[in-house]
Structures are given as C-alpha cells and as structure tokens.
Amino acid sequence: MEALFAVTLGLLTASGIYLLLRARTFPVVLGLTLLSYAVNLFLFAMGRLAGDAAVIGSGGQYADPLPQALVLTAIVIGFAMTAFVVTLALRGVGELGNDHVDGRADGEGR
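Keep in mind that this is a model prediction, so the values were computed, not measured.

Description of the UniProt feature "transmembrane region" (unreviewed entry) in the protein
Moving on, step 1. Mapped onto the present numbering, the UniProt feature "transmembrane region" (unreviewed entry) falls on residues 26–49 and 69–90.
Moving on, step 2. This span, residues 69–90, is 100% helix and 0% strand, and a straight line between its end C-alpha atoms measures 32 Å.

See below:
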C-alpha cells in the first residue's frame with residue numbers, strides 16, 4: 001500500500017509541476033489543483049491510516065482525527081484558491097485577449 005501511495009504522489013506531483021511550467025493559464029490552474037491533491041494524499045499518508053481503526057464508536061484503536069481535519073481544511077482552501085485563480089485568468093483573457101501567462105501572444109517578444 002505504501003508503494004501505491006508513493007507512486008500516486010509522485011505522478012500527481014510530477015504532473016502538477018509539468019502543468020505549472022506551461023505557458024497557458026488553464027494548465028497552470030490544473031497543475032495547482034493536481035499539486036493540492038498530492039498534498040492531501042500526503043497528509044492522509046502521514047496519518048498512518050489503518051483499516052480496522054474506528055473513527056466513532058468502540059474499537060481497539062482509534063483513527064487520528066488531525067490528518068482528516070487538515071485535509072478537510074486543505075480542500076476548502078484549495079477550492080477557494082482555484083476559484084480565485086480562475087477569476088484572475090478570465091479577467092486576463094478579457095483584458096489582454098489571450099491566455100498566455102505573461103500576457104504576450106505566442107512568438108511575440110522573443
């Protein structure tokens with residue numbers, strides 16, 4: 001299970017960084033979203049989730065609620081950040097007429 005988490009975290013992080021380095025706003029937004037998913041999975045992995053741990057009720061061992069609370073908070077912050085970045089991207093497209101991250105069209109200024 002640890003290998004699956006490691007591979008998933010690696011793929012999400014690598015894909016997110018690759019998309020962040022693109023020159024268009026939509027891939028940058030997708031890259032930020034993938035990186036936030038990778039961080040959420042990392043926080044879950046650090047919580048040492050067990051299949052037989054009880055969250056509510058009587059059980060031998062209880063699940064740690066801190067990673068769950070951190071991931072819930074990260075989801076809310078990630079959603080707000082994505083909405084803000086999409087709003088900025090739409091405003092940039094409206095004002096500049098293209099979706100290049102530095103405001104220049106392809107081939108302009110090289």
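We are not done yet, so read on.
Focus on helix α2 (residues 25–46)
Moving on, step 1. Under the 1.5 Å per step criterion, the end-to-end length of α2 is 32 Å for 22 residues, consistent within 8% with the ideal 32 Å.
Moving on, step 2. Of the residues making up α2, those classed as buried are Thr 25, Pro 27, Val 28, Val 29, Gly 31, Thr 33, Ala 38 and Asn 40.
Moving on, step 3. Looking at the buried residues of α2, the elements they touch are α1 (2–20) and α3 (65–96).

Brief notes about the side chain of Thr 25
Moving on, step 1. Note that Thr 25 resides in helix α2.
Moving on, step 2. Setting aside anything within four residues of it in sequence, one finds Thr 25 in contact with Ala 89, Asp 99 and Val 101.

Here is what the cut-offs are and how they apply
Residues numbered from 1 in each chain as written. Predicted model: local features only at pLDDT ≥ 70, side-chain atom pairs only at ≥ 80, totals over all residues. Heavy atoms only, no water. UniProt positions renumbered as here; feature names shortened; annotations may be inferred. Helix = DSSP H or I, 4+ residues; strand = E, 2+ residues; numbered from the N terminus. Expected span 1.5 Å × (residues − 1). Buried < 20%, exposed > 50% of the residue type's maximum accessible area, 1.4 Å probe, protein only. Contact = heavy atoms within 4.5 Å.

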